[in-house]
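Take a look at the letters that make up each chain.
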Amino acid sequence: MITHITLVLPQFKRGFHIITDHIEHACTEHLGTLPQDGMLHVFIQHSSASLTINENADPSVRVDLEAYTNKLAPEREPYFIHTYEGDDDMPAHIKASLYGSSVTIPIMNGRLALGTWQGIYLGEHRDHGGSRNLVISVVS
Amino acid sequence: MITHITLVLPQFKRGFHIITDHIEHACTEHLGTLPQDGMLHVFIQHSSASLTINENADPSVRVDLEAYTNKLAPEREPYFIHTYEGDDDMPAHIKASLYGSSVTIPIMNGRLALGTWQGIYLGEHRDHGGSRNLVISVVS
Amino acid sequence: MITHITLVLPQFKRGFHIITDHIEHACTEHLGTLPQDGMLHVFIQHSSASLTINENADPSVRVDLEAYTNKLAPEREPYFIHTYEGDDDMPAHIKASLYGSSVTIPIMNGRLALGTWQGIYLGEHRDHGGSRNLVISVVS
């Protein structure tokens, strides 16, 4: 059995943001509870933002990851030809593919089987990315 | 219910290529239609090519992503020891792991729930990679 | 039908390690055989280690991938603020997101449908990461 839930995230500024609660809340709202055993898949319907899993505790991880990512994929590279949507656009496409468009997490005993220190991150790679659309799929 | 479809892609030159149509065509040919609700998983059976999701419109994104990727993982790094399969080989392995071997996309209302601007990319990271084998899995 | 298997890996030193046999052994031990058709998902419950798929043959690929990865995400970057868990910690978080927390592989004819040269890699990104917990999910 597969249930899809569409979720429009609030606007986030450029950077990495923990969205585990947004996702769990959307599941609870639509399903009541998660199945005892299943899989959760979260997909972002955009090519300039990403989803990844990383530390859910110290916010400095998110700060450093954003700083690193901006150095890894800098703006205004002289060889870029996809430039007409702004300096932040082509680096955002690169970051979207490096970090990926979806995450898959097991559901065990009615809960996401994340490790103690893991959370789901939105990577917002545009300066003004607006609201981002997710599709949450629960397979059981 | 899980259906696997094997697909041999035509040979592509080194770079990023949109293969959404190849995948949808293979599904239609084998299944008639996609299920109303399900998940699509595409897996590449090679360690020197990758699958990722990115912009399906302006081809300049693919050109810039390839140029960036070649700078990110350059050939002939002095410390490489895996060199006997050619200068393009070890960078191809690196790129395969950075971008990943599979993509998972929800199926809603009988269609891939890609965003308006999203397409499935093959990352061909070898100079002469030949035909690449995919396994398409439809879960419903 | 979804079966989850928890697996505690032995401690591995920093670097990339093939763990295909560990995963297949855990599946055999818990399930007897893999289903004829299905999907295998492997999830790592840590934010400083990763899972990826790459060449299963020549060990030099793993050596070069580790050397490359250490250059890609170096220690002691002057702008890092997440530093109190050791020099290897923030780079480990970065590598975890670049390579990813899970892999998904089709199961066909009762076997993992990996390509001839593909294996499942653990990326151990800490100097002393200890034992790592995996959740293996078999969907059929």
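Just so it is clear, the model here is predicted, and its values are computed rather than measured.

A. Geometry of unusual backbone geometry. Residues and elements named next belong to chain B. Notably, Arg76 is not glycine yet its phi reads approximately 60 degrees, a positive angle. Checked against the element boundaries, Arg76 lands in the loop between helix H2 (60-72) and helix H3 (89-99). Arg76 sits in the exposed class, given a relative accessible area of 64%. Positive phi, close to 55 degrees, is recorded for Asn109, a residue that is not glycine. Note that Asn109 resides in the loop between strand E5 (102-108) and strand E6 (111-112). Given the relative accessible area of 59%, Asn109 is considered exposed.

B. Geometry of helix H1 (residues 20-31) of chain A. All names here are of chain A. Between its terminal C-alpha atoms H1 stretches 16 Å, which fits the 16 Å expected from twelve residues at 1.5 Å a residue. Thr20, Ile23, Ala26 and Cys27 are the residues of H1 that are buried. Each buried residue of H1 lies within a common arc of 140 degrees when the element is viewed along its axis, so the set occupies one face. Along H1, the residues that are exposed and aim more than 90 degrees away from the buried face are Asp21, His25 and Glu29. On its buried side, H1 packs onto strand E1 (2-8), strand E2 (15-18), strand E3 (37-44), strand E7 (118-124) and strand E8 (133-139). Among the residues trailing H1, Gly32 stands out with phi positive, at a value near 80 degrees.

C. Here's a closer look at the interface of chain C and chain A. Facing 28 residues of chain C, the contacting portion of chain A comprises 31 residues. Summed over both sides, the interface of chain C with chain A buries roughly 2400 Å², with 64% coming from carbon and sulfur. Ranking the residues of chain C by area buried against chain A places His4(C), Tyr79(C) and Ser97(C) at the top, with a combined share of 24%. Summed over the shared surface of chain C and chain A, the number is zero salt bridges.

D. Structural detail: the relation of the copies chain A and chain B. The two copies are related by a screw motion: chain A maps onto chain B through a turn of 120 degrees and a shift of 0.0 Å along the axis, at an RMSD of 0.0 Å. In the structure described here, the two chain copies are related by an operation that fits a three-fold rotation axis. Considering only C-alpha atoms, the residue of chain A closest to the rotation axis is Leu98(A), which sits at 3.5 Å. An asymmetric contact is evident, with only 11% of the interface residues of chain A recurring at the interface of chain B.

E. Geometry of the interface of chain A and chain B. The partner chain B presents 31 residues to the 28 residues of chain A that form the contact. Buried surface at the junction of chain A and chain B, both sides included, amounts to about 2400 Å², of which 63% is carbon and sulfur. Interface area lost by chain A to chain B is led by His4(A), Tyr79(A) and Ser97(A), which between them contribute 23%. Linking chain A with chain B are zero salt bridges. Inspection of the region where chain A meets chain B yields 17 residue pairs in polar contact (both at pLDDT 80 or more).

The rules behind these values
- Residues numbered from 1 in each chain as written.
- Chains lettered and ligands numbered in written order.
- Predicted model: local features only at pLDDT ≥ 70, side-chain atom pairs only at ≥ 80, totals over all residues.
- Heavy atoms only, no water.
- Helix = DSSP H or I, 4+ residues; strand = E, 2+ residues; numbered from the N terminus.
- Buried < 20%, exposed > 50% of the residue type's maximum accessible area, 1.4 Å probe, protein only.
- Expected span 1.5 Å × (residues − 1).
- Arc of directions from axis to C-beta.
- Contact = heavy atoms within 4.5 Å.
- Buried area = accessible area lost by both parts, 1.4 Å probe.
- Salt bridge = Lys/Arg side-chain N within 4 Å of Asp/Glu carboxyl O.
- Least-squares fit on C-alpha atoms with pLDDT ≥ 70 in both.
- Polar contact = N/O pair within 3.5 Å; in protein donor to acceptor, adjacent residues only side chain to side chain.

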